[in-house]
Amino acid sequence: MCSIIGIIGKNFVAPALVESLKRMEYRGYDSVGVATLSTNRISVRKGIGKVNQVNSNLNLAEMEGLVGIGHTRWATHGGVTDYNAHPHPCCSGDIAVVHNGIIENYLQLKEELVSKGHLFRSETDTEVIAHLLEDQYNASRDIKVAMMGTVNQLEGSYAFVAMFANGTLACARLDEPLVIGISDNAYYASSDVLGFLQYTDQAMFLDNRDIAIMDITGTCIFNFGGESVTRSVTKVAWELADANKGEFAHYTIKEIFEQRISIKAATYQEEHKIKAFCDAIVAAGKIVVTGSGTSYHTSLITSMLGARVMKKRFEPVMASEFKYNMDSVDKDTVVIAISQSGETADVLSATKLARAAGAKILSIVNVPTSSLARTADVSLGINSGPEIGVAATKSFTGQVSLAYAIVDRLSGGKVGFERDVVSDKITKMLGGSAGIERLVNMTMPKVNDIYLLGRSIHFPIALEGALKMKELAYVHAEGIAAGELKHGPLALMDKNAVVFVLNADDKTYSDTLSSAHEVKARGAKIIGISNVSNDIYDAMIEIPKMDNELLYPLVEIIPLQLFSYYLALHNNADPDFPRNLAKSVTVS
Ligand code: AGP
């Protein structure tokens, strides 16, 4: 997703702008641009490609100026072209804008601006902001008035930073994150604290409908109506800045291996917060659990755990489907929103709707400074540290571990999640990574389709394993509730299919084994993931016996993550930054 950085400093800002864009690369993008102000003129350099590539083509880091803005773009409106890359200047070139989000009424605004003589150079929705600001500033010669006049015409969700040729940076946000960083030598405006965390840990989180105007002497904040507002300065955790690959070839494999630790970190919670979280669940008449992608798979597991252990109805709802399925959400409802980033637009929109209907919002997030964490009634962090790989790995197991800790607390320990015991079992699974790599090389040369079968608590892992294979290795993969095979998917089984069977020795075992026989009879290759061997498996990945069958997800997902990672390498795909995907999906 797009990343924004703006800096006003006492030294040339271009090297820091480029560094900041690199640190936010994990968010996903297709083009890069920087604008700086030097001798009262704004220069813009931008192009498609990765930060290093565009920097070496255009020497971004060598641009002069004490004020500048930078951007990585993830295309929404208009193709991936140099012209569509940000920053976008206005007609005179005296204002340049970088933006994240979507301006829904841009076509109408563009028409009006064109009729006034503005010349557009890109196909983006963003460019209307530059021209609107120019229009407003020419009329008022006052940046605050120009900003208010502009935001009051924009519809949609956005965060943008505008650089003016007089050396001022002005920014505004509505439903997209924007954070101000403050150091002795500079002010920063960024979509992500990682954009400036290498320079300062002092941050001011702008609220929705805030405008900030910054020059080297300080920052003033107003609401969209022009009234002054105060936002407190927060110290953000330095450990967030710990984002490097260490000895690993990719962030993704590093993060897979970090799960030994991160599943434990997820369960350390402040007493008053976890108490408030659990009390709200106990008091609720109805509990809805929501999330997107991997976090939705955690929602499925959390709902199963809650229902089984607490004998209470938990309803999982995909965040993107929430608005169509909220007739029963009311003040008696607690919504548990799960998200690694805490910035996923579908999740934020679900919680906004639920809150408007009177529901209480609990959240489980990884980024403690995120919009979801800050707007929930109670928020618990999973403490996984930065997850840079676009595919969620350690955040998934962190979320699941925290769900176990919550359900155990609510039920007097009925799941029996012991973090050290599970961590040891995960360590053992990780020790088998070389075997999984060999399995990829043996199994995959001729295979186009992978199916994963599981029942009950194993079904969300079938879905999550399939998601990992799709996004990391670009292979068609499908998670199927094993009992559904004969209702359709069996028609697809033949000698070209590889079928993973999630078959722990629990109450799903014999039914799932029957499903395995059904696919084997059609010629498919079977990879068993189980704690008991069986001749039916062409290959088997052994998992440890778990004391409670509800705990299997945490050990079953590890080989599937590893398989997906090695399959990505086998298919020459970049496991950290899969094509077409963004880490933080901040548009609906
Ligand atoms: C997971 O591997 C994906 N990258 C994606 O499905 C992700 O889980 C989803 O976009 C939700 O993100 P969130 O947890 O940050 O809300």
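None of these values were measured; they are calculated from a predicted model.

Asks: What is the right way to look at the overall build of the protein in this model?
Replies: The helix and strand inventory of the protein stands at 17 helices and 24 strands. C-alpha extents for the protein along the principal axes are approximately 80 × 55 × 45 Å. Relative to its 588 residues, the protein shows a buried fraction of 61%. Counting every atom, the protein has about 22,200 Å² of accessible surface; 49% of that belongs to carbon and sulfur.

Asks: Even after reading the chapter, I still don't get unusual backbone geometry, so can you show me in this structure?
Replies: The general pattern is negative phi for most residues beyond glycine and trans for most peptide bonds. With an omega dihedral of 0 degrees, the bond running from His 86 to Pro 87 counts as a cis peptide bond. Along the chain, Pro 87 falls in the loop between strand 4 (67-73) and strand 5 (88-89). For Asn 383, which is not glycine, the phi torsion reads 55 degrees and is therefore positive. Relative to the helices and strands, Asn 383 resides in the loop between strand 19 (378-381) and helix 12 (394-411). For Ser 456, which is not a glycine, the phi torsion comes out positive at approximately 55 degrees. Examined against the element boundaries, Ser 456 turns out to sit in the loop between strand 20 (449-454) and helix 15 (459-473).

Asks: What's the story with the sheet that holds strand 12 (residues 210-215) in this structure? I'm lost.
Replies: Strands pair in a sheet through their backbones, by hydrogen bonds, and they do so in one of two ways: parallel or antiparallel. If you walk across this open sheet you meet the six strands as 5-6-7-8-12-13, and the pairing is antiparallel. Here the strands that pair on one side only, and so sit at the sheet edges, are strand 5 and strand 13 (218-223). Sheet topology note: the strand 5/strand 6 (residues 95-103) ladder contains two bridges and is antiparallel. Across the sheet, residue Pro 89 finds its bridge partner in strand 6, namely Ala 96. Sitting on the sheet, helix 4 (residues 127-140) is in contact with strand 5, strand 6 and strand 7 (156-164), with an inclination near 130 degrees to strand 6.

Asks: How should I be thinking about the pattern of salt bridges in this particular structure?
Replies: Between side chains of opposite charge, a pair can form when the charged atoms approach closely. One pass over the full model with this rule turns up 18 salt bridges. A salt bridge links Asp 175 to Lys 352, with the shortest nitrogen-to-oxygen separation between them at 3.3 Å. Taken together, the positions of Asp 175 in the loop between strand 8 (169-174) and strand 9 (179-182) and Lys 352 in helix 10 (residues 345-356) put the pair 177 residues apart, joining distant regions of the chain. A residue is classified by how much of its surface remains accessible, and Lys 352, at 53% relative accessible area, is exposed. Salt bridges sharing common partners tie together Asp 207, Asp 210 and Arg 231.

Asks: Whenever I open this one, helix 14 (residues 433-443) confuses me. Can you help?
Replies: Because the α-helix completes a turn every 3.6 residues, residues three or four places apart line up on one side. Of all the positions in helix 14, only Ser 433, Ile 436, Leu 439, Val 440 and Thr 443 are classed as buried. One side of helix 14 carries all its buried residues, which in axial view fall inside an arc of 110 degrees. In helix 14, the exposed positions angled more than 90 degrees off the buried face are occupied by Arg 438 and Met 442. Elements that come into contact with the buried residues of helix 14 comprise helix 6 (251-257), helix 13 (419-430), strand 22 (497-502), strand 23 (525-530), strand 24 (539-542) and helix 17 (552-570).

Asks: Would you mind showing me how to read the environment of Gly 454 here?
Replies: Following the sequence through the fold, Gly 454 ends up in strand 20. Overall, the relative accessible area of 0% leaves Gly 454 in the buried class.

Asks: Mind showing me how you'd approach the site of the ligand here?
Replies: Near the ligand you find 15 residues, and of these Ser 295, Ser 339, Ser 341, Thr 344 and Glu 471 are the closest. Contacts to the ligand include Val 390, whose backbone N or O atom sits 2.9 Å from a nitrogen atom. Protein chains bury 90% of the 410 Å² of accessible surface belonging to the ligand in isolation. Elements with a minimum of two residues in the shell around the ligand: helix 9 (293-310) and helix 15. Here the shell around the ligand is composed, by residue class, of five nonpolar, eight polar and two charged.

Asks: Quick question: what am I supposed to make of the domain arrangement of the protein here?
Replies: Interface extent is often summarised as the accessible area lost during association of the parts. The domains assigned to the protein are domain 1 (3-236), domain 2 (243-417) and domain 3 (430-579). For domain 2 versus domain 3, the distance between C-alpha centres works out to 25 Å. The interface is formed by 34 residues belonging to domain 2 together with 32 residues belonging to domain 3. When domain 2 packs against domain 3, close to 2,600 Å² is buried across both sides, 70% of that on carbon and sulfur atoms. Of all residues in domain 2, His 250, His 297 and Arg 308 give up the largest surface area on contact with domain 3, accounting jointly for 20% of the area buried on that side. Counting across the domain 2 and domain 3 interface gives one salt bridge. Where Arg 308 meets Glu 549, a salt bridge forms, and the shortest distance between an N and an O atom there is 3.9 Å. Linking domain 2 with domain 3 are 14 residue pairs in polar contact (both at pLDDT 80 or more). Every element with two or more residues in the side of domain 2 that touches domain 3 is listed here: helix 6, helix 7 (259-265), helix 9 and helix 12. By residue number, the principal contributor to the side of domain 2 that touches domain 3 is helix 9, which donates nine residues.

Asks: Help me out: how do you make sense of the packing of aromatic side chains in this one?
Replies: Aromatic ring pairs are described here by two measures, namely the spacing of the ring centres and the angle between the planes. On inspection of all chains with the given rule, the structure shows eight aromatic pairs. Ring centres of Tyr 137 and Phe 164 lie 5.5 Å apart, and the angle between their planes is 65 degrees; on these two criteria the pair is classed as edge-to-face. Of this pair, Tyr 137 sits in helix 4 while Phe 164 sits in strand 7, and the two are 27 residues apart along the sequence. The burial state of Tyr 137 is the same as that of Phe 164; both residues are buried. A ring pair is formed by Phe 500 and Phe 563, whose centres lie 5.0 Å apart and whose planes are at 80 degrees; its orientation type is edge-to-face. In this pair, Phe 500 sits in strand 22 while Phe 563 sits in helix 17, placing the two residues 63 residues apart along the sequence. With respect to burial, Phe 500 and Phe 563 carry one shared label: buried. Aromatic ring contacts, followed pair by pair, group Tyr 188, Phe 196 and Tyr 199 into a single cluster. The side chain of Arg 419 reaches across the aromatic face of Tyr 268, ending 4.1 Å from its centre.

Rules and cut-offs
- Residues numbered from 1 in each chain as written.
- Predicted model: local features only at pLDDT ≥ 70, side-chain atom pairs only at ≥ 80, totals over all residues.
- Heavy atoms only, no water.
- Helix = DSSP H or I, 4+ residues; strand = E, 2+ residues; numbered from the N terminus.
- Buried < 20%, exposed > 50% of the residue type's maximum accessible area, 1.4 Å probe, protein only.
- Areas by Shrake-Rupley, 256 points an atom, 1.4 Å probe, with all protein chains shown as cover.
- Pairing = 2+ DSSP bridges.
- Contact = heavy atoms within 4.5 Å.
- Axes fitted to C-alpha atoms, helices over the stretch in contact; angles between N-to-C directions.
- Salt bridge = Lys/Arg side-chain N within 4 Å of Asp/Glu carboxyl O.
- Arc of directions from axis to C-beta.
- Near = heavy atom within 4 Å.
- Polar contact = N/O pair within 3.5 Å; in protein donor to acceptor, adjacent residues only side chain to side chain.
- Nonpolar A, V, L, I, M, F, W, Y, C, P; charged D, E, K, R; others polar.
- Domains from an automatic or database assignment.
- Buried area = accessible area lost by both parts, 1.4 Å probe.
- Phe/Tyr/Trp six-rings, centres within 6.5 Å; stacked < 30°, edge-to-face > 60°.
- Lys NZ or Arg CZ within 6 Å of the ring centre and 35° of its normal.

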